[in-house]
Amino acid sequence: MNRDRFVLSAGHASTLLYTVLHLAKVKAVDPEYEILGRPSVTLDDIKSFRQFGSRCAGHPEYRWTSGVETTTGPLGQGVATSVGMAIAGKWFAARYNRPGIELFGYRIYALCGDGCMMEGISSEAASLAGHLKLDNLCWIYDNNHITIEGKTDIAFTEDVAGRFLAYGWNVLRVGDANDLDRIENALKTAAGTSGRPSIVIVDSHIGYGSPHRQDTSAAHGEPLGEEEIRLTKQAYGWPPDAKFLVPTGVYEHFESGIGQRGREAHQLWEKQFEEYRKQFPELSAELEQIQRRELPANWSKDIPVFPADAKGVSGRDASSKVLNAIAPNLPWLVGGSADLTPSTKTRLTFPSAGDFQAASPAGRNLHFGIREHSMGAVLNGLALSKLKPFGSGFLIFSDYGRGAIRLSALMEIPVIHIFTHDSIGVGEDGPTHQPIEHLISLRAIPNLVVLRPCDANEVAEAWRVILAMPRQPVALILTRQALPTFDRQRFAAASGLAQGAYVLADAAGGKPEVLLMATGSEVSLCMEAYEELTRQGIRARVVSMPSWELFERQSEEYRQSVLPPTVKARVAVEQASTFGWCRYTGMDGAILGMKTFGASAPLKVLQKEFGFTTSHVVEAAKAQLAREK
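Residues numbered from 1 in each chain as written. Predicted model: local features only at pLDDT ≥ 70, side-chain atom pairs only at ≥ 80, totals over all residues. Heavy atoms only, no water.

Examining the overall build of the protein
Of the regular secondary structure elements, the protein holds 23 helices and 22 strands. Against the compact-globule benchmark of 25 Å for 629 residues, the protein has a radius of gyration of 27 Å, which places it among compact chains. Each principal axis of the C-alpha distribution contributes one length, and for the protein these read about 90 × 60 × 50 Å. Residues classed as buried in the protein amount to 53% of the 629 residues present. Restricting to contacts in the protein with at least 6 residues of sequence separation, those with at least 24 account for 75%. Total accessible area computed for the protein in this model is approximately 27100 Å², and 54% of it derives from carbon and sulfur atoms. When the 65 positive and 70 negative side-chain charges of the protein are each reduced to one mean point, those points stand 4 Å apart. (Helix = DSSP H or I, 4+ residues; strand = E, 2+ residues; numbered from the N terminus. Rg over C-alpha atoms; globule rule 2.2 N^0.38 Å. Buried < 20%, exposed > 50% of the residue type's maximum accessible area, 1.4 Å probe, protein only. Contact = heavy atoms within 4.5 Å. Areas by Shrake-Rupley, 256 points an atom, 1.4 Å probe, with all protein chains shown as cover. Lys, Arg positive; Asp, Glu negative; His and termini not counted. Charge placed at Lys NZ, Arg CZ, Asp CG, Glu CD.)

What about the side chain of asparagine 170?
With respect to the element layout, asparagine 170 can be found in strand 8 (residues 170-174). A polar atom in the side chain of asparagine 170 sits 3.1 Å from the side chain of serine 198. Setting aside anything within four residues of it in sequence, one finds asparagine 170 in contact with Thr193, Arg196, Pro197, Ser198 and Ile199. (Polar contact = N/O pair within 3.5 Å; in protein donor to acceptor, adjacent residues only side chain to side chain.)

A closer look at the sheet that holds strand 22 (residues 590-594)
In spatial order, the strands read 18-20-19-21-22; together these five strands make up an open sheet with mixed pairing. The open sheet has two edge strands with one neighbour each: strand 18 (502-505) and strand 22. Strand after strand, the sheet turns through a mean of 25° between neighbouring axes, direction not considered. Note that strand 21 (residues 569-577) and strand 22 share four bridges and pair parallel. Residue pairing in the sheet places valine 571 in a bridge with alanine 590 of strand 22. (Pairing = 2+ DSSP bridges. Axes fitted to C-alpha atoms, helices over the stretch in contact; angles between N-to-C directions.)

Looking at helix 5 (residues 120-132)
With 13 residues, helix 5 extends 19 Å from end C-alpha to end C-alpha; this agrees with the ideal 18 Å at 1.5 Å per step. Within the sequence span of helix 5, burial applies to Ile121, Ser122, Ala125, Ala126, Leu128, Ala129, Gly130 and Leu132. Taken together, the buried residues of helix 5 touch helix 3 (77-96), helix 4 (114-118), strand 5 (137-143), helix 6 (160-167), strand 12 (365-367) and helix 14 (372-384). A positive backbone phi angle near 55° is found at lysine 133, which sits one or two residues after helix 5. (Expected span 1.5 Å × (residues − 1).)

A word on the pattern of salt bridges
Applying the stated rule across the entire model yields 28 salt bridges. For arginine 263, the salt bridge goes to glutamate 255, with nearest N and O atoms at 3.1 Å. Note on glutamate 255: relative accessible area 40%, which makes it partly exposed. A salt bridge links arginine 402 to aspartate 399; the shortest N-O distance between them is 3.5 Å. Here aspartate 399 and arginine 402 lie together in helix 15 (residues 398-411), a separation of three residues that amounts to about one turn. (Salt bridge = Lys/Arg side-chain N within 4 Å of Asp/Glu carboxyl O.)

Here's what the structure looks like:
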């Protein structure tokens, strides 16, 4: 747990990492982090670079290749994720180190290039790292002045060193990438610097040694070709016809260097941890649970049950109550927002929560500033360090964080993305702040569970489900406006949320004529329509569908019990894009949703103008029944 982390943010140089993992004979681990007998990267894996089934993908992929600390495809993501790892390192040290036993003091190194420097996410992350004085963080900038289009000066002429000085970083320069002594000295200086993160700017030549491709964009994006490879090998004094050659003694050299140092450091740490376990059994038990991504036995004991209430409570307020009931019993649950905590209601308010700052690194409330994209990447870094992180913002701003959200799903790490202000219900803020396509676009991301609960008790159940999933990122979608809290003595239990969709209210005898489906705030609209249809003698069923993803994981038998294939009259209601709902309504079903952007007006006016009324749902249900006759 105390190992230094290396992040290859310039992920297109992935063979550098694969080669080191191979030569160091790093062992593969399984999904439970148990060490397997086989190596992480074999020579055959490297030979099949970028081919199907190889552990050597085109960019480093977490989970696919043991020893890869994070997936680094889109440029800038790696360095931004490294900031989350550095925050986690500071947090672990503050919570668990004790006098005489320093369990945590690891450092984070990230290798980046010109592309990482240009992407805006790196600026966001570097600014945050400088503010937090993360002196356990070191970025190494491969400054070769070349991108795919050519020399960087066609678009990038800023003073990078000056920029990082302004962020509060320690800036070091190495004028020649082949000067190993200067590089070593720079890294030692970075490791000895306190109160500031460090960046080492290393001037280099892309395609070094290639007689015709050095310092050209061709060396970035194209294979050198057989003849140029031969010439380059000759320039290095390497056998020109040898391929995948590992000379005699190289493996032994790695074993006696990296292998021995790593083994000794690991044994020393394990010895320390044994002593720590004797002196601090509760804290050591926490660390072992964190490492295995387990939860404390009592984590959910204080989750509230909300009484029936026609006026109800907003999704964000219910979530705040649940979050603050869980967090004292789950010490490694940390998070915050992109400057929107008063609006998203995600502040941890119990007395010992505290704020994570440079002077108080044990704090559990994080302040990301108005930096949605880097917030997502920092959350990924925290989750990769085995903490339970959450970040929050308005649903409309999920666009700004999408790259990092996608990577949390790709890596299968349990990041909790909380989004409030989830529909045209934000009212007067207008169409720029009213999400329309965002729900379906999040649902389109593989392995991301989207949860949009309909009342306070579904919110509580959502948190039970979220925290029980060790490798599942989630987007929790919450309302700004109050939602009625349903009478669960009369209607189905909110625990049905775990199945993704369930029958909330049913027709007499469980034989409906028409199905009313909805998520979130629109479920109460369907419930009102249900009552009116029942009064008119029409047998209706209301299905709450908080998560399409969880519903699709259920058996076909269960799914058909909720949405009987024999019932063709169907109405879906959601204050968002209608796209995708036809999978549940059928091609002829009614979908009451948004086909345009919203407008600036009070909520009730918007609901009437866009057809989100009880009468409209009733009319749609009757029209469906009439079509079936």
